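Observations on the three-dimensional arrangement
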Amino acid sequence: MLNSGDRDAIAEAVREAERRTSGEIVVVIDRAAGSYLAVPVVLALTAALFVPWPLLALTMTSAPRIFLLQLIAAALLLAVLLWYGRGGRFVPGFVKRRHAHETALREFTARGLTLTRGRTGVLLYVAVQERYAEIVADAGIDGKVDEASWKGIIEPLLSAARKDRLREGLEVAVGAIGEVLAAHAPPVADDVDELPNKVVIL
């Protein structure tokens, strides 16, 4: 996904962006916001419930044999659906996006972005499996920037990710966030780097 050189380049982009602002930027890359394993399991077990009915109606198969066939069918269906459904293939997009959004909010708090002086922390969160990205800004910035500005940063990032250019997309996005922060939270004389610049990989 991102090698050490990519992570170093993004961390440098964060440092460079923060030189122009008193705000703080944290980049979190989540391989998957959720496992979604429950969905293939439920589908496989539900489908296995229908196995006995044609056997009971059309054959003279004994109950123990039908039960054994049902177990075999459940195991095979589970294996196939877990393989085919990996990455949440059976999960509706809106469910995955909601799950990723909730994870972004948790990460925003967990990474200390609510504790910065001036409340000017900004999280750039990317959930790779869900193909989802979001910018979460603290109170000192959020009310000053309209949603369209953040969307204008996220859309090129997602486009770059779809082309396997996640590093380049992140560097551009971090630079754009830095410009927004510079406009609303310019540097101050006693500013310090309050949060680590390294990319967080989950």
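Coordinates for the structure precede this section.
Residues numbered from 1 in each chain as written. Predicted model: local features only at pLDDT ≥ 70, side-chain atom pairs only at ≥ 80, totals over all residues. Heavy atoms only, no water.

**As for helix 4 (residues 63–84)**
Our working rule: Only DSSP runs of H or I with at least four residues qualify as helices, and only runs of E with at least two residues qualify as strands; both kinds are numbered from the N terminus onward. Between the first and last residue of a helix there are one fewer steps than residues, each counted as 1.5 Å, and that sum is the expected span. Three labels apply to residues, based on accessible area from a 1.4 Å probe with only protein chains included: buried if under 20% of the type maximum, exposed if over 50%, partly exposed otherwise in between. What the arc covers is the set of directions going from the helix axis to the C-beta atoms. Residue contacts are defined here by distance: any two heavy atoms, one from each residue, within 4.5 Å place the two residues in contact.
Taking 1.5 Å of rise per residue, the 22 residues of helix 4 would be expected to cover 32 Å, and the 31 Å separating its terminal C-alpha atoms lies within 8% of that figure. Residues Ile66, Gln70, Ala73, Ala74 and Leu81 constitute the buried set of helix 4. Around the axis of helix 4, the buried residues are gathered within 105 degrees of arc, so they sit on the same side. Structural note: helix 4 exposes Pro64, Arg65, Leu76 and Trp83 on the side pointing more than 90 degrees away from its buried face. Buried residues in helix 4 make contact with helix 2 (38–48) and helix 3 (52–58).

**What to know about the side chain of Thr21**
The test is simple: Here a polar contact means two N or O atoms within 3.5 Å. Within protein one must be a hydrogen donor candidate and the other an acceptor candidate, and residues neighboring in sequence count only if both atoms are side-chain atoms.
Mapped onto the elements, Thr21 comes out in the loop between helix 1 (4–18) and strand 1 (24–30). The class for Thr21 is buried, based on a relative accessible area of 0%. Polar contacts involving the side chain of Thr21 include one to the main-chain carbonyl oxygen of Leu181, which spans 3.4 Å. At a separation of 2.6 Å, a polar atom in the side chain of Thr21 contacts the main-chain carbonyl oxygen of Ala185.

**A word on the side chain of Thr120**
Mapped onto the elements, Thr120 comes out in the loop between helix 5 (93–110) and strand 2 (121–127). Its relative accessible area of 7% is what places Thr120 among the buried residues. Residues within four places of Thr120 in sequence aside, it is in contact with Ser22, Gly23, Glu24, Asp138, Ile141, Leu181 and Ala185.

**Things to note about the packing of helix 2 against helix 4**
Stated formally: Helix axes are fitted to C-alpha atoms over the stretch in contact, other axes to C-alpha atoms as well, and angles between N-to-C directions run from 0 to 180 degrees. Angle categories: roughly parallel below 35 degrees, roughly antiparallel above 145, roughly perpendicular from 65 to 115, and oblique for all the rest. Each crossing is labelled by how the near helix is turned from the far one, with a counterclockwise turn of less than a right angle marking it left-handed and a clockwise turn marking it right-handed. Gly is placed with the polar residues, together with every amino acid not listed as nonpolar (Ala, Val, Leu, Ile, Met, Phe, Trp, Tyr, Cys and Pro) or charged (Asp, Glu, Lys and Arg).
Two numbers describe how helix 2 lies on helix 4: the axes approach to 8 Å, and their chain directions differ by 150 degrees. Between helix 2 and helix 4, the crossing angle belongs to the class labelled roughly antiparallel. Taken as a pair, helix 2 and helix 4 cross one another with a handedness that is right-handed. Listed contacts from helix 4 to Pro40, Val41, Leu43, Ala44, Leu45, Ala47 and Ala48 of helix 2 are Gln70, Ala74, Leu77, Leu78, Leu81 and Leu82. Partitioning the contact of helix 2 with helix 4 into residue classes produces twelve nonpolar, one polar and no charged.

**Considerations on unusual backbone geometry**
The backbone of Arg131 sits at a positive phi, close to 55 degrees, despite the residue not being glycine. Relative to the elements of secondary structure, Arg131 occurs in the loop between strand 2 and strand 3 (132–137). Take Arg131: its relative accessible area is 68%, and that puts it in the exposed class. Unusually for a residue other than glycine, Asp164 sits at a positive phi of about 60 degrees. When its relative accessible area of 74% is taken as the criterion, Asp164 is described as exposed.

**Points about the nonpolar core**
This is how it is decided: For this analysis, a nonpolar core means a set of buried residues of the types Ala, Val, Leu, Ile, Met, Phe, Trp, Tyr and Cys, connected via side-chain atoms within 4.5 Å.
Ranked by internal contacts, the top residues of the largest apolar core, which has 30 residues, are Val27, Leu124, Trp150, Leu157, Leu170 and Ile177. If you list the elements that add at least two residues to this core, you get helix 1, strand 1, strand 2, strand 3, helix 7 (147–162) and helix 8 (166–184). If you tally residues by element for this core, the top one is helix 8, at seven residues. Not counting the four nearest positions on each side in its chain, Trp150 is found in contact with Ile135, Ala137, Ile141, Val145, Ile177 and Val180.

**Considerations on the pattern of salt bridges**
Side chains bearing opposite charge may pair, as long as their charged atoms lie close to each other. How we decide: Within this document, salt bridges are pairs made up of a side-chain nitrogen of Lys or Arg and a carboxyl oxygen of Asp or Glu, the two lying within 4 Å of each other.
Scanning all chains against the criterion turns up eight salt bridges. The salt bridge partner of Asp6 is Arg167, with a shortest N-O separation of 3.2 Å. Taken together, the residues Asp6 in helix 1 and Arg167 in helix 8 connect sequence positions 161 residues apart. The class for Asp6 is buried, based on a relative accessible area of 13%. Lys151 serves as the salt-bridge partner of Glu155, at 3.8 Å between the closest nitrogen and oxygen. One end of the pair, Glu155, and the other, Lys151, are both in helix 7, four residues apart, so they sit about a helical turn from each other. Taken together, the shared-partner salt bridges connect Glu12, Arg15, Glu16 and Arg19 into one network.

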